[in-house]
Amino acid sequence: MKEFLNAVSLLPREYGELFSEIDKNIIQQIREIRFRSGEAITLNTRNEKYYINKSGSLSVAYSEGVVKVDDKALQEIVFCLARRSLHTYQDMIAKGFIPLKGGCKAGVAGRAVMKNGSVYSVSHFNSVNIRISREYYGCSKEITDLLGSNYESFLIIGSPLSGKTTLLRDLCRYFSGKKQMTPLKTAIVDERDEIASRSFGEGPDVGVHTDVLTLYPKAVGIEIALRTLSPDIIVVDEIGTEEEARAMLSGMNSGVKFIATAHGDSFEEVLKRPNIKTLVDAKVFTKAIVLEGKGKPCKVREMISI
């Protein structure tokens, strides 16, 4: 329930009242809240999509009685999620997201404003996807059991909603937590503020001996962590750029281990990306862990020695 409230706390009041009528058992299962201009609000669980009827009840079947969001309401939703200051979040909105409390995130889509060949801002919004982040203590046990007693650099590969970020959080707790006899100094480079969610103060538990670089570009954050935080492990989400690869190579040469994630359904798929292949060829990672997918979040399909 707490995670759901974190996700919806900034929405206009009428939506809080609307969601308060939903059965708590269903609330615990909701993973996404989707708003689209002129369309029905949808609540997505792992296996189902629900519509909200004007009566406040939920339905899995679309009807003319479902609650829709008009264009004006959608612009107000984005304005509220951005704490009534779109300018403050302009850079993040240009990258497609607004960070929320507790590791939750709002993905936003709209009309891009270009500057020097890049997206500078978004002038009009047509879609919002609020993704609800939940903490699952112990969800990384399968991975730590497979790795054994020696920690090493590894890459977690999975499709969207397969549990990559949730696993990163739990791995940070495992390696740098209070239960470790010899905890490891861990640095999280949290470019999108969804691993540790420190933009608004205290966020999810990521371990006692963990430092968090919030909203730093990954390549910059890795370099700063190497220079100033003396980490044993650096944790990064969704790697892929040339700058990130160079920073990770520098870290490897400094003796630092990495735990990173990449989008994909297989090791062969992500290996087709030149910058990830560079890291694999350089032996930055010794293992690749492929997840089952959104049907079995946080579950391992296979571990590959590189």
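Each remark here, short or long, concerns the structure printed above.
Residues numbered from 1 in each chain as written. Predicted model: local features only at pLDDT ≥ 70, side-chain atom pairs only at ≥ 80, totals over all residues. Heavy atoms only, no water.

Q: How should I be thinking about the side chain of S153 in this particular structure?
A: Its location among the elements puts S153 in the loop between α6 (141-147) and β10 (154-158). From its side chain, S153 meets the backbone nitrogen of F258 in a polar contact 2.8 Å long. Separated by 3.4 Å, the side chain of S153 and the backbone oxygen of V284 make a polar contact. Those residues in contact with S153, other than ones at most four positions away along the chain, are V256, K257, F258, V284, F285, T286 and K287. (Helix = DSSP H or I, 4+ residues; strand = E, 2+ residues; numbered from the N terminus. Polar contact = N/O pair within 3.5 Å; in protein donor to acceptor, adjacent residues only side chain to side chain. Contact = heavy atoms within 4.5 Å.)

Q: What is the right way to look at the packing of helix α8 (residues 218-228) against helix α9 (residues 242-253) in this model?
A: When two helices pack together, their arrangement is given by the angle between the helix axes and the distance between those axes. It is at 8 Å that the axes of α8 and α9 come closest, and there the two elements cross at 15°. Our classification of the angle between α8 and α9 gives roughly parallel. At the point where α8 passes α9, the crossing takes the left-handed sense. Taken together, the residues of α9 that come into contact with α8 (itself represented by K218, A219, I222, E223 and L226) are E243, E244, A247, M248, S250 and G251. Class assignment for the residues of the contact of α8 with α9 results in five nonpolar, two polar and four charged. (Axes fitted to C-alpha atoms, helices over the stretch in contact; angles between N-to-C directions. Parallel < 35°, antiparallel > 145°, perpendicular 65-115°, else oblique. Left-handed = near helix turned anticlockwise from the far one by under 90°. Nonpolar A, V, L, I, M, F, W, Y, C, P; charged D, E, K, R; others polar.)

Q: Which parts of the structure should I look at to understand the nonpolar core?
A: Generally speaking, soluble globular proteins have nonpolar side chains that are buried together. Grouped together as the largest cluster of nonpolar side chains are 38 residues, with contacts concentrated most on F19, I33, F35, I41, I98, V128 and I130. One finds V256, F285, V290 and I304 within the second-largest nonpolar core, a separate group that totals 28 residues. (Core = buried A, V, L, I, M, F, W, Y, C linked by side-chain atoms within 4.5 Å. Buried < 20%, exposed > 50% of the residue type's maximum accessible area, 1.4 Å probe, protein only.)

Q: Teacher, can you tell me more about α8 here?
A: Looking only at α8, the buried set comprises K218, A219, G221, I222 and A225. Mapping the buried residues of α8 onto a view down its axis gives an arc of 165°, with all of them on the same face. Residues of α8 that are exposed and point over 90 degrees away from its buried face: R227 and T228. Here the buried face of α8 lies against β11 (186-190), β12 (210-214), β13 (233-236), α9 and β14 (257-263). (Arc of directions from axis to C-beta.)

Q: Can you help me understand the pattern of salt bridges in this one?
A: Two side chains that carry opposite charge are able to pair once their charged atoms sit near each other. In total, this model carries 13 salt bridges according to the counting rule given. Note that E194 and K105 form a salt bridge whose closest N and O atoms lie 3.1 Å from each other. A residue pair is termed long-range when its members are at least 10 positions apart, and E194 in the loop between β11 and β12 and K105 in strand β8 (residues 105-115) qualify at 89 residues. K105 matches E194 in its accessibility class, with the two residues each being buried. We note a salt bridge from E242 to R246, for which the minimum N-O separation is 3.1 Å. One end of the pair, E242, and the other, R246, are both in helix α9, four residues apart, so they sit about a helical turn from each other. For R246, a relative accessible area of 48% gives the class partly exposed. (Salt bridge = Lys/Arg side-chain N within 4 Å of Asp/Glu carboxyl O.)

Q: Would you explain helix α11 (residues 274-281) in this entry?
A: What α11 keeps buried is the set I276, L279 and V280. For α11, the angular spread of the buried residues around the axis is 100°, confining them to a single face. Where the residues of α11 are buried, they touch β10, α9, β14 and α10 (267-271).

Q: Mind showing me how you'd approach the sheet that holds strand β7 (residues 97-99) here?
A: Strand pairing in a sheet is mediated by backbone hydrogen bonds. Such pairs are either parallel or antiparallel. Reading across the sheet, the seven strands line up as β5-β4-β3-β1-β9-β8-β7 and stay open at both edges, with antiparallel pairing between neighbours. Of all strands in the sheet, those with a lone pairing partner are β5 (58-59) and β7, marking the two edges. Inspection of the sheet shows strand β4 (residues 49-52) paired to β5 by two bridges, in the antiparallel sense. Looking across to β5, one finds that I52 is bridged to L58. (Pairing = 2+ DSSP bridges.)

Q: What am I meant to see in the packing of aromatic side chains here?
A: The description of two aromatic rings rests on the distance between their centres and on the angle between their planes. Under the definition given, this model contains five aromatic pairs. Relative to F35, the ring of Y15 lies with its centre 5.6 Å away and its plane at 80°, an arrangement referred to as edge-to-face. Of the two residues, Y15 is situated in helix α2 (residues 13-19) and F35 in strand β1 (residues 32-36); the sequence distance between them amounts to 20 residues. Assessed through its relative accessible area of 7%, Y15 is described here as buried. Given a relative accessible area of 0%, F35 falls into the buried group. Aromatic rings pair up to connect Y151, Y174 and F175 into one cluster. The aromatic ring of Y120 is capped on one face by K115, whose charged end is 4.7 Å from the ring centroid. Just above the ring of Y137 sits the side chain of R173; from NZ or CZ to the centre is 4.0 Å. (Phe/Tyr/Trp six-rings, centres within 6.5 Å; stacked < 30°, edge-to-face > 60°. Lys NZ or Arg CZ within 6 Å of the ring centre and 35° of its normal.)

Q: For this particular structure, what's the right way to read the sheet that holds β12?
A: Spatially, seven strands are ordered β12-β11-β13-β14-β10-β15-β16 in an open sheet, and the strand pairing comes out mixed. Of all the strands in the sheet, the pair left with one neighbour each is β12 and β16 (300-305). Strand-to-strand twist of the sheet, defined as the mean angle between neighbouring strand axes without regard to direction, takes the value 15°.

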